[in-house]
Amino acid sequence: MQRSPEQSFGVYVHVPFCITRCGYCDFNTYTPAELGGVNPDGWLEALRTELALAAARLDAPTVNTVFVGGGTPSLLGPARIVALLDMVREHFVLAPDAEITTEANPESAWPDFFEAARAAGYTRVSLGMQSVSPFVLGVLDRIHTPNRSAAAAREALEAGFEHVSLDLIYGTPVETDDELLRSVDTAIATGVDHVSAYALVVEEGTALARRVRSGELAAPDDDVLAHRYELLDERLSAAGFDWYEVSNWSRLGGECRHNLGYWDGGQWWGAGPGAHGYVGATRWWNVKHPNSYAEALAGSVLPVAGFEQLDAEALHTEDVLLKTRLRQGLPLEVLDADERERAKTVVADGLLVADADRLVLTPRGRLLADAAVRTLLG
């Protein structure tokens with residue numbers, strides 16, 4: 001498995017545990033009732049084995065970013081979140097300026113968690129806020145109270161984290177414009193330096209999908225979603241946040257370097273049940289269930305469920321798709337002659353603007369980024 005030394009390299013660790021399943025979520029997560037086998041300590045031991053096998057396979061690359069996601073990493077508690085990072089350090093060399101992020105849910109992250117994580121070397125916390133409206137939280141099946149997410153963000157800042165992010169979801173059927181803006185204003189007032197905002201998507205197989213299908217809830221409306229995006233973008237911009245990816249805003253220096261690695265051609269090892277990795281031109285994904293994951297690693301076998309080799313066409317498509325979403329834009333040199341010709345149409349339609357040697361999404365283009373990419377690629 002060959003790795004390009006000039007590209008950023010990250011380690012993503014997937015924590016598969018949640019207390020309850022949110023109605024909109026289709027992530028690879030498991031509640032205690034769904035496990036029936038592996039507990040957090042058993043999962044950590046399996047993870048240690050995977051990290052050792054990964055480092056041997058990769059010849060111990062220098063790691064620029066580490067991201068602990070889920071699921072709910074904060075359910076691990078202070079001691080385990082520290083042990084997890086110690087395992088990464090045991091098998092990989094971290095760059096002196098490595099960005100090290102953990103996700104956390106407000107209802108399971110408290111001052112002792114933030115203090116332990118910061119002391120261990122974590123540099124960034126990403127908190128799931130979603131909304132401050134009790135009605136919206138209820139529809140989403142979120143179990144934290146409306147005020148807890150802002151309090152958790154302040155606790156993380158008080159623990160010494162310079163970079164704290166809050167995640168919002170907009171477009172829930174019961175949400176109003178005022179409720180969205182209250183959520184955005186609350187996030188801004190905490191003093192965090194990063195906000196992510198995602199349109200509600202109804203994923204098949206979720207409780208939310210069943211409620212929409214039965215007529216209990218209306219499906220998200222595309223025009224409403226576009227309007228809400230414009231509202232939050234205006235509010236965040238006025239508060240000193242700049243968009244750097246279609247769904248992400250930050251104050252100066254607050255960008256998430258790990259996610260930028262995904263969007264800008266970096267490579268990473270994905271560890272944990274269901275995690276995806278990408279090295280060289282190979283993408284792979286692990287078995288999903290924590291029990292199957294642990295069983296494979298008990299035999300010192302990488303828990304890979306499948307893989308694919310990306311050819312030149314697939315790599316090019318991903319390059320265009322991902323780089324177009326960034327504020328820095330898509331370098332014209334990435335496009336072939338036919339795509340440059342088609343780019344003129346997208347510019348004429350007002351979705352992209354030519355900026356020196358790059359194509360950058362306009363405000364309207366951010367609402368229609370996928371359509372712009374489809375036209376470019378033909």
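As recorded by an unreviewed UniProt entry, the protein chain carries the name Heme chaperone HemW and is attributed to Mycobacterium stomatepiae. Turning to the protein chain, the UniProt record has this under Sequence similarities (unreviewed entry): "Belongs to the anaerobic coproporphyrinogen-III oxidase family. HemW subfamily." According to the UniProt record, the Subcellular location (unreviewed entry) comment for the protein chain is "Cytoplasm".

Caption draft 1: Highlighting the overall build of the protein chain. Per the secondary structure count, the protein chain includes 15 helices and 15 strands. The C-alpha atoms of the protein chain give 21 Å as radius of gyration, which agrees with the globular expectation for 378 residues (21 Å, within 12%). For the protein chain, restricting intrachain contacts to residue pairs at least 6 apart in sequence, the fraction spanning at least 24 positions comes to 71%. For the protein chain, the distance from the average site of its 31 positive side-chain charges to the average site of its 54 negative ones is 1 Å.

Caption draft 2: Main features of the pattern of salt bridges. Going through the model one piece at a time under the given rule, you end up with 18 salt bridges. Ionic pairing is found between Glu245 and Arg325, a salt bridge with its closest N-O pair at 2.7 Å. Taken together, the positions of Glu245 in strand 7 (residues 242–245) and Arg325 in the loop between helix 12 (312–324) and strand 13 (330–331) put the pair 80 residues apart, joining distant regions of the chain. Between Lys323 and Asp319 there is a salt bridge whose closest N-O contact spans 2.5 Å. With Lys323 and Asp319 both in helix 12 and 4 residues apart, this pair spans about one turn of that helix.

Caption draft 3: Broad picture of the packing of aromatic side chains. Scanning the model with the defined rule gives 9 aromatic pairs in all. Ring geometry for Tyr12 versus Phe67: centroids 6.2 Å apart, planes at 25 degrees, classification stacked. You can see Tyr12 sitting in strand 1 (residues 9–15) and its partner Phe67 sitting in strand 2 (residues 62–70), a full 55 residues away along the chain. This pair shows no difference in class: Tyr12 is buried, exactly as Phe67 is. Between Tyr170 and Tyr229, the ring centres sit 6.4 Å apart and the planes meet at 55 degrees, which makes this aromatic pair tilted.

Caption draft 4: Region of interest: the pairing of strand 10 (residues 276–279). One ladder, built from 4 bridges, connects strand 10 with strand 11 (residues 282–286); its direction is antiparallel. Opposite Gly277, over in strand 11, you have Trp284 as the bridge partner. Counted between consecutive antiparallel strands, the loop separating strand 10 from strand 11 contains 2 residues, among which Gly280 sits at a positive phi close to 65 degrees.

Caption draft 5: Focus on the nonpolar core. Among the nonpolar cores identified, the biggest contains 89 residues, and Trp43, Leu84, Phe114 and Tyr122 are the most heavily contacted of them. Among the elements that take part in this core, helix 2 (residues 40–58) stands out by supplying 8 residues, more than any other. If you count residues domain by domain, this core takes at least three from each of domain 1 (9–264) and domain 2 (312–377). Excluding anything up to four places from it in sequence, Trp43 contacts Val13, His14, Val15, Pro16, Phe17, Val38, Leu76, Leu84, Pro273 and Tyr293. Counting 11 residues, the second largest nonpolar core, distinct from the first, contains Cys22, Cys25, Val212 and Leu217.

Caption draft 6: Structural view of the packing of helix 3 (residues 77–91) against helix 4 (residues 111–120). Contact geometry for helix 3 and helix 4: axes closest at 8 Å, N-to-C directions at 20 degrees. In terms of orientation, helix 3 and helix 4 fall into the roughly parallel class. Considering only the axes of helix 3 and helix 4, their crossing is right-handed. Facing helix 3, whose interface residues are Gly77, Pro78, Ile81, Val82, Leu85 and Arg89, helix 4 presents Asp112, Phe113, Ala116, Ala117 and Ala120. Its residues assigned to classes, the contact of helix 3 with helix 4 comprises 8 nonpolar, 1 polar and 2 charged.

Caption draft 7: Spotlight on the side chain of Asp233. Tracing the backbone through its elements, the reader meets Asp233 in helix 9 (residues 222–238). Since its relative accessible area comes to 13%, Asp233 is described here as buried. In this view, Asp233 contacts Trp249 and Arg366; residues no more than four positions away in its chain are not counted.

Caption draft 8: Spatial organisation of the sheet that holds strand 14 (residues 352–355). The strand order 13-15-14 describes an open sheet built from 3 strands, whose pairing is antiparallel. Across the chains shown, the open sheet's two edge strands, defined by having one partner strand only, are strand 13 and strand 14. Of the pairings in the sheet, the one linking strand 14 to strand 15 (residues 358–361) comprises 4 bridges and is antiparallel in character. Paired with Leu352 across the bridge in strand 15 is Leu361.

Caption draft 9: A look at the domain arrangement of the protein chain. Under the domain assignment, the protein chain is made up of domain 1 (9–264) and domain 2 (312–377). Centre-to-centre, using C-alpha coordinates, domain 1 lies 28 Å away from domain 2. The partner domain 2 presents 10 residues to the 15 residues of domain 1 that form the contact. Note on domain 1 versus domain 2: buried area summed over both sides is about 1300 Å², and carbon and sulfur give 57% of it. Per-residue buried area on domain 1 facing domain 2 is highest for Trp243, Val246 and Trp263; these three make up 49% of the total on that side. Across the domain 1-domain 2 interface, the total number found is 3 salt bridges. On inspection of domain 1 and its partner domain 2, the count reaches 7 residue pairs in polar contact (both at pLDDT 80 or more). Contributions of two or more residues to the side of domain 1 that touches domain 2 are made by helix 9, strand 7 and helix 10 (257–263). The residue makeup of the side of domain 1 that touches domain 2, split by class, is 9 nonpolar, 1 polar and 5 charged.

Quick notes on the rules
- Residues numbered from 1 in each chain as written.
- Predicted model: local features only at pLDDT ≥ 70, side-chain atom pairs only at ≥ 80, totals over all residues.
- Heavy atoms only, no water.
- UniProt positions renumbered as here; feature names shortened; annotations may be inferred.
- Helix = DSSP H or I, 4+ residues; strand = E, 2+ residues; numbered from the N terminus.
- Rg over C-alpha atoms; globule rule 2.2 N^0.38 Å.
- Contact = heavy atoms within 4.5 Å.
- Lys, Arg positive; Asp, Glu negative; His and termini not counted.
- Charge placed at Lys NZ, Arg CZ, Asp CG, Glu CD.
- Salt bridge = Lys/Arg side-chain N within 4 Å of Asp/Glu carboxyl O.
- Phe/Tyr/Trp six-rings, centres within 6.5 Å; stacked < 30°, edge-to-face > 60°.
- Buried < 20%, exposed > 50% of the residue type's maximum accessible area, 1.4 Å probe, protein only.
- Pairing = 2+ DSSP bridges.
- Core = buried A, V, L, I, M, F, W, Y, C linked by side-chain atoms within 4.5 Å.
- Domains from an automatic or database assignment.
- Axes fitted to C-alpha atoms, helices over the stretch in contact; angles between N-to-C directions.
- Parallel < 35°, antiparallel > 145°, perpendicular 65-115°, else oblique.
- Left-handed = near helix turned anticlockwise from the far one by under 90°.
- Nonpolar A, V, L, I, M, F, W, Y, C, P; charged D, E, K, R; others polar.
- Buried area = accessible area lost by both parts, 1.4 Å probe.
- Polar contact = N/O pair within 3.5 Å; in protein donor to acceptor, adjacent residues only side chain to side chain.

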